[in-house]
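Listed below, chain by chain, are the residues.
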Protein chains: 2
Amino acid sequence: MSKKTKNFRPRARRPKGFEDRYGALANAENALIGAAAGVYHAHGFEPLSTCALEYADCLGKFLPDDDRPNEGVFAFTDDDQQWMALRYDLTAPLARFVAENYDPLPKPLRRFAVGPVWRNEKPGPGRFREFIQVDADTVGAPGPAADAEMIMLAADVMKAAGLANGEYVIRINNRKLLDAVLAGIGVADTDEGAIQRLRVLRAIDKLDRLGADAVAQLLGEGRKDASGDYTKGAGLDARGINAVLAFTQAGRAGLEATLSALDPLMGASDTGKDGMDELRAIAETVQACGYDDGRAMIDPSIVRGLGYYTGPVFEADLRIETKNEKGEPVRFGSAGGGGRYDDLIARFRGQPVPATGFSFGVSRFAAALHALGRLGEEAHGPVVILALEADQMTSYFAMANELRAANIRAEVYMGGSGMKAQMKYADKRNAPAVVIVGEDERASGEVTVKNLNLGKQLSGQIKDNKEWREGRPAQTSGARQALVNMVREALNR
Amino acid sequence: MSKKTKNFRPRARRPKGFEDRYGALANAENALIGAAAGVYHAHGFEPLSTCALEYADCLGKFLPDDDRPNEGVFAFTDDDQQWMALRYDLTAPLARFVAENYDPLPKPLRRFAVGPVWRNEKPGPGRFREFIQVDADTVGAPGPAADAEMIMLAADVMKAAGLANGEYVIRINNRKLLDAVLAGIGVADTDEGAIQRLRVLRAIDKLDRLGADAVAQLLGEGRKDASGDYTKGAGLDARGINAVLAFTQAGRAGLEATLSALDPLMGASDTGKDGMDELRAIAETVQACGYDDGRAMIDPSIVRGLGYYTGPVFEADLRIETKNEKGEPVRFGSAGGGGRYDDLIARFRGQPVPATGFSFGVSRFAAALHALGRLGEEAHGPVVILALEADQMTSYFAMANELRAANIRAEVYMGGSGMKAQMKYADKRNAPAVVIVGEDERASGEVTVKNLNLGKQLSGQIKDNKEWREGRPAQTSGARQALVNMVREALNR
């Protein structure tokens, strides 16, 4: 390559559903990850990074999207002909990790994790095939207090991300309640019934996005969407559809009122009773800790899409309006979710290992917070030292070093262009000031500091070009030794 | 899954060459990433996260490992039958990003990036197929000052990671010098010559690991390794082999001495003269900025394995002995490398975009620093509130909250076991103290704080079991309101 020009010129493009994050957007992601990591660390969680590729049988088939080959994952065969897949979440790899290292690990295991996950979704607008998750899980924790803690932790992360009470809510439900409703309308405990149950879960999971009418179709025969794609339904009859929809609509204001509204829907089902007991215990702890002030509520319409949840499920919702790619106001919806998955580690070990956790979808959530002006934008860019004489680079580096030693972000211009382009660059970088040492300054042992913020401000006031040039109101010169003070002054004005 | 026990039970295992990092090791990685990000941010670099999957033609074929299908990457076809691959570094995706977003980006573009990369290496001991890199690059920077800055930045990151002068060195070379040597011994500027040149680069890149004799074989006919695998050589004759080895051994103490030793090896080659001019300019800047105090040196044996470098190349070496998996002392070697790649963006744009950068191999480097006791280990774990009465979880949560509000890391025990197992758990978590509120304490409005650090210390001194139990020297009880003060006292003893 260094010696030959190849004729082939690839087109620079990303695969569909994959995104880059640069500058403020990447800062927003990092800030959100930092906020979550801080909350989890303070609560005694330890970091874990598992590998991105796993053997497919270790991940299992729990994704809601079953219309794709390999159940919605990116998969291929390794040298030894075993199927490998990119992880679709951080929970399935945690289960593999715990099963692989069971004995030496502390029990319960409290771990948090950050990293990209991949879903082989059908490419389409707003469908991301790669996103960052940040998760916390407690493995080996059988009681509802561990679920309640996950809910409160999720609320604490939302708060640490800069959201105020009322701007977010953690919704709580228990899948066992829905199981009781399904048993009541005759969904059998067979392989066929399991498929039907999964279709019901997926239908309910779309309530937010599609509304009750569309979900009724998905609970019944099926539904053709705007693009003409047909999704086969769960095959419930009218009575069944009504029972399921009534259940999802049983949410009331206040934890107690919702529990009372749900109770009569459970009939005599043991599963329903179990679910209600768990839900009540979780609700009571959340309430006693004061999170029923709007931060947490029971919502029977929350079921979550992943197949491995065994009881309690949670969802964190952003309640402030955000804007979509077209600038239209939209309800943001879910920023993450979680729940209890008592059977996931049992897949490997044969004996149950109760576990509960919560996962934030960092990429989408951070993008929303950034769009709302809550995260990511820095007040200004670095101070830029102009590079006006090629043989003076060392002295520019020395100036930048002095500024950094005084905790001022600074860089030397590294391009190959002249002064005008360098000023344009400083402007584009949102530099608060530039440092100018040309031949004249150098000869007299001086530096010039140009305050770009003040310059922008004044240029609105001073219309006379001549007055501007002669006065140079946003520019000061002084002795080279006074550099740090001069820049600091410019930053403070 | 929640209703059925499946007969299939997968074996919990990772694919070969993939690692998990838990606790202190993950902390070490995060600390190293934080240190690098801090240095790069202070120097005006902006964060960029590109996607993990790229179209294979966008990544290009620059990996040193050409013995594998798809040139050492993990690749598969997408829905549209285009080949996608997991990125093998963060530089090729940067080139794609710059080419895709050229006009609105500031030029030069200063970006740093952190993330996993994947290499489809032949699995084997110590061969990692996934590792984290942290990179900084300046795109649109033609001059040697930008290369010198990369070298100094790499040294600054080593320092920020906690290494002292003398414990690390950045080695500098220029590939053009080797090109001049190769031209001198008759390696032609043809496709065949290019393959020969690549084989020479790969052979030299193994000097550290295999030594001069093995490299001489790889420069000549070829070499059979201990496992019996045969690597075809570059096909140089004895004179050629000697010339290349003499070049790699031209390093001297001091930048000037090395430049003087290299000069006569360049003959009349224009490429050699270019390379020497660049190397001299870089060396002079590095020297003028004071980094010739052992932090930076010229070493002609550094060539780096990636195919896209066009001139200056750098390598960061850890100079302290580390231990391998068997606990044997080993020379750690390269913690990262970089160089100038003026043609990589030209692949897309057709016109050159000069660029230079540096990449740290975080996973391996952090593991070494952790093994050396430099990074990752926290002084202690969280304070653990024992959960002795199932109906008192809320009061335990309240205590943990109070401690965290006082900036004390704390958690409530979340398992389902009794007091003895809870104490064992606290021990395993390296908790500095446990908080005990049993029925008696609760009745009298008291809490007991057990100082585990002090307990360990004293248990070495007090041999009499009875004296120990009666005296409870590492345990204090007091009013519930005094909780935070009591724990703080335990932490300070």
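Shown above is the structure to which this text applies.
Predicted model only: the values in this text are computed from it and were never measured.

Colleague: Looking at this model, I keep getting lost on the overall build of chain A. Mind explaining?
Modeller: Along chain A, the regular secondary structure elements total 19 helices and 19 strands. For chain A, the spread of C-alpha atoms along the three principal axes comes to 90 × 60 × 55 Å. Burial statistics for chain A: of 493 residues in total, 50% are counted as buried. Partitioning the contacts of chain A with sequence separation of at least 6, the portion at a separation of at least 24 is 70%.

Colleague: So what exactly am I meant to see when it comes to helix H9 (residues 238-248) of chain B here?
Modeller: All names here are of chain B. Listed in full, the buried residues belonging to H9 are Gly240, Ile241, Val244, Leu245, Phe247 and Thr248. For H9, the angular spread of the buried residues around the axis is 155 degrees, confining them to a single face. Seen from the open side of H9, the exposed residues pointing more than 90 degrees away from its buried face are Ala238 and Arg239. Those residues of H9 that are buried are in contact with helix H5 (175-184), helix H6 (191-205), helix H7 (207-210) and helix H8 (212-219).

Colleague: Please clarify how the sheet that holds strand S5 (residues 83-86) of chain A should be interpreted in this entry.
Modeller: In sheet architecture, strand pairing relies on hydrogen bonds along the backbone and comes in two forms, parallel and antiparallel. Residues and elements named next belong to chain A. Across the sheet, 3 strands lie side by side as S3-S5-S4; this open sheet has antiparallel pairing. Taken across any chain shown, the strands that pair with only one partner, and hence form the sheet edges, are strand S3 (53-55) and strand S4 (75-77). Between one strand and the next, the sheet's axes are offset by a mean angle of 35 degrees, whatever the strand orientation. Sheet topology note: the S3/S5 ladder contains 3 bridges and is antiparallel. Within S5, the position partnered with leucine 53 by the bridge is leucine 86.

Colleague: What exactly am I supposed to notice about the packing of helix H1 (residues 24-42) of chain B against helix H13 (residues 362-371) of chain B here?
Modeller: Describing two packed helices takes the angle between their axes plus the distance from one axis to the other. All names here are of chain B. At a closest axis distance of 9 Å, the pairing of H1 and H13 adopts a crossing angle of 115 degrees. Between H1 and H13, the interaxial angle falls into the category roughly perpendicular. The interaxial crossing formed by H1 with H13 has right-handed handedness. Counted together, Ala24, Leu25, Ala28, Glu29, Leu32 and Ile33 of H1 and Val362, Ser363, Phe365, Ala366, Ala367, Leu369 and His370 of H13 form the full contact between these two elements. Across the contact of H1 with H13, the residue classes tally to 10 nonpolar, 2 polar and 1 charged.

Colleague: Hey, could you run me through the nonpolar core in this one?
Modeller: Soluble, globular proteins show a tendency: their nonpolar side chains are buried together. Among the nonpolar cores identified, the biggest contains 306 residues, and Ile151(A), Ala154(A), Val435(A), Ile151(B), Ala154(B) and Val435(B) are the most heavily contacted of them. Contacts of Val435(A), omitting those with residues within four sequence positions, involve Val383(A), Ile385(A), Leu386(A), Met399(A), Val447(A), Val449(A), Leu483(A) and Val487(A).

Colleague: How should I be thinking about the pairing of strand S17 (residues 433-436) of chain B in this particular structure?
Modeller: The side chains of a regular strand alternate between the sheet's two faces. Residue and element names in this part refer to chain B. On S17, burial covers both faces: Ala433 and Val435 on one face and Val434 and Ile436 on the other are all buried. Bridge count between strand S15 (residues 383-385) and S17: 2 bridges; the pairing is parallel. Residue valine 384 lies in a different strand from S17, and its bridge partner there is valine 434. As paired elements, S17 and strand S18 (residues 446-451) share 4 bridges and run antiparallel to each other. Looking at the pairing, valine 434 lines up with lysine 450 of S18.

Colleague: How should I be thinking about the relation of the copies chain B and chain A in this particular structure?
Modeller: One copy of the chain maps onto the other through a rotation about an axis followed by a shift along the same axis. Note on the identical chains: chain B maps onto chain A by a rotation of 180 degrees and an axial translation of 0.0 Å, with an RMSD of 0.0 Å. Here the copies are linked by what is in effect a two-fold axis. The position closest to the rotation axis in chain B is occupied by the C-alpha of Phe76(B), lying 3.5 Å away. When the interface residues of chain B are mapped onto chain A, 100% of them again lie at the interface, so the same face is used by both copies.

Colleague: What am I meant to see in the environment of Leu236(A) here?
Modeller: Residues and elements named next belong to chain A. Along the chain, the position of leucine 236 falls in the loop between strand S10 (230-232) and helix H9 (238-248). With 50 residues separating them in the primary sequence, leucine 236 and glycine 186 have C-alpha atoms 9.4 Å apart. Ignoring sequence-local partners within four residues, the contact set of leucine 236 consists of Ile185, Leu219, Gly220, Ile241 and Val244.

Colleague: Looking at this structure, how should I read the sheet that holds strand S15 (residues 383-385) of chain A?
Modeller: All names here are of chain A. Pairing is mixed across the open sheet formed by 5 strands, whose spatial order is S16-S15-S17-S18-S19. The sheet terminates laterally at strand S16 (410-412) and strand S19 (475-479), the two strands that pair on one side only. With strand direction ignored, the average angle separating the axes of adjacent strands in the sheet is 20 degrees. Where S15 lies against S16, 3 bridges are found, and the strand directions are parallel. Looking at S16, one finds that isoleucine 385 is bridged to valine 412. Contacting S15, S16 and strand S17 (433-436), helix H14 (residues 393-405) crosses the sheet at an angle of about 175 degrees to S16.

Colleague: Before we go on, may I ask you to explain the interface of chain B and chain A in this structure?
Modeller: Buried accessible area, meaning the area lost when the parts come together, often serves as the stated size of an interface. Across the boundary between the two partners, chain B contributes 85 residues, which contact 85 residues of chain A. It is H1(B) that provides the largest number of residues to the side of chain B that touches chain A, a total of 6 residues. In terms of strand pairing, strand S1 (residues 21-22) of chain A meets strand S2 (residues 46-49) of chain B through 2 bridges, oriented antiparallel. Looking across to S2(B), one finds that Arg21(A) is bridged to Ser49(B).

Colleague: It is not clear to me how the packing of H6(B) against H8(B) should be interpreted in this structure. Could you clarify?
Modeller: Residues and elements named next belong to chain B. Packing of H6 against H8 brings their axes to within 9 Å, and their N-to-C directions diverge by 170 degrees. In terms of orientation, H6 lies roughly antiparallel with respect to H8. Contacts between H6 and H8 involve Val200, Ala203 and Ile204 from the first element and Val215, Leu218 and Leu219 from the second. Considering only residue class, the contact of H6 with H8 consists of 6 nonpolar, no polar and no charged.

Colleague: Where do I start with the environment of Phe247(A) in this structure?
Modeller: All names here are of chain A. Residue placement: phenylalanine 247 occurs in helix H9. Placed 23 residues apart in sequence, phenylalanine 247 and aspartate 270 show a C-alpha to C-alpha distance of 17 Å. Sequence-distant contacts of phenylalanine 247, defined by excluding residues within four places in its chain, comprise Leu178, Val181, Leu265 and Pro300.

Colleague: Mind showing me how you'd approach helix H1 (residues 24-42) of chain A here?
Modeller: Helical periodicity: at 3.6 residues per turn, an α-helix aligns residues three or four positions apart in one direction. Taking 1.5 Å of rise per residue, the 19 residues of H1(A) would be expected to cover 27 Å, and the 27 Å separating its terminal C-alpha atoms lies within 8% of that figure. Trailing H1(A) by a residue or two, Gly44(A) shows a phi angle of about 85 degrees, which is positive.

Colleague: Please explain the pairing of S2(B) as it appears in this structure.
Modeller: All names here are of chain B. Burial along S2 is two-sided: the face carrying Glu46 and Leu48 and the face carrying Pro47 and Ser49 are both buried. Here S2 runs beside strand S6 (residues 109-118); their pairing, made up of 2 bridges, is parallel. Bridging from a neighbouring strand, proline 47 pairs with phenylalanine 112 of S6.

Colleague: Looking at this model, I keep getting lost on unusual backbone geometry. Mind explaining?
Modeller: Where the residue is not glycine, phi is negative for most of them; where a peptide bond is considered, it is trans in most cases. Here Lys107(A) and Pro108(A) are connected by a cis peptide whose omega angle stands at 0 degrees. Inspection of the secondary structure puts Pro108(A) in the loop between helix H3 (91-100) and strand S6 (109-118). Even without a glycine there, the phi angle at Asn430(A) is positive, about 60 degrees. If you trace the backbone, Asn430(A) turns up in the loop between helix H15 (419-428) and S17. Even without being a glycine, Arg304(B) presents a positive backbone phi close to 65 degrees. Counting through the fold element by element, Arg304(B) comes out in the loop between strand S11 (296-298) and strand S12 (312-323).

Cut-off values and rules
Residues numbered from 1 in each chain as written. Chains lettered and ligands numbered in written order. Predicted model: local features only at pLDDT ≥ 70, side-chain atom pairs only at ≥ 80, totals over all residues. Helix = DSSP H or I, 4+ residues; strand = E, 2+ residues; numbered from the N terminus. Buried ≥ 20, exposed ≤ 12 C-beta atoms within 10 Å, placed from the backbone. Contact = placed C-beta atoms within 7 Å. Arc of directions from axis to C-beta. Pairing = 2+ DSSP bridges. Axes fitted to C-alpha atoms, helices over the stretch in contact; angles between N-to-C directions. Parallel < 35°, antiparallel > 145°, perpendicular 65-115°, else oblique. Left-handed = near helix turned anticlockwise from the far one by under 90°. Nonpolar A, V, L, I, M, F, W, Y, C, P; charged D, E, K, R; others polar. Core = buried A, V, L, I, M, F, W, Y, C linked by C-beta atoms within 7 Å. Least-squares fit on C-alpha atoms with pLDDT ≥ 70 in both. Expected span 1.5 Å × (residues − 1).

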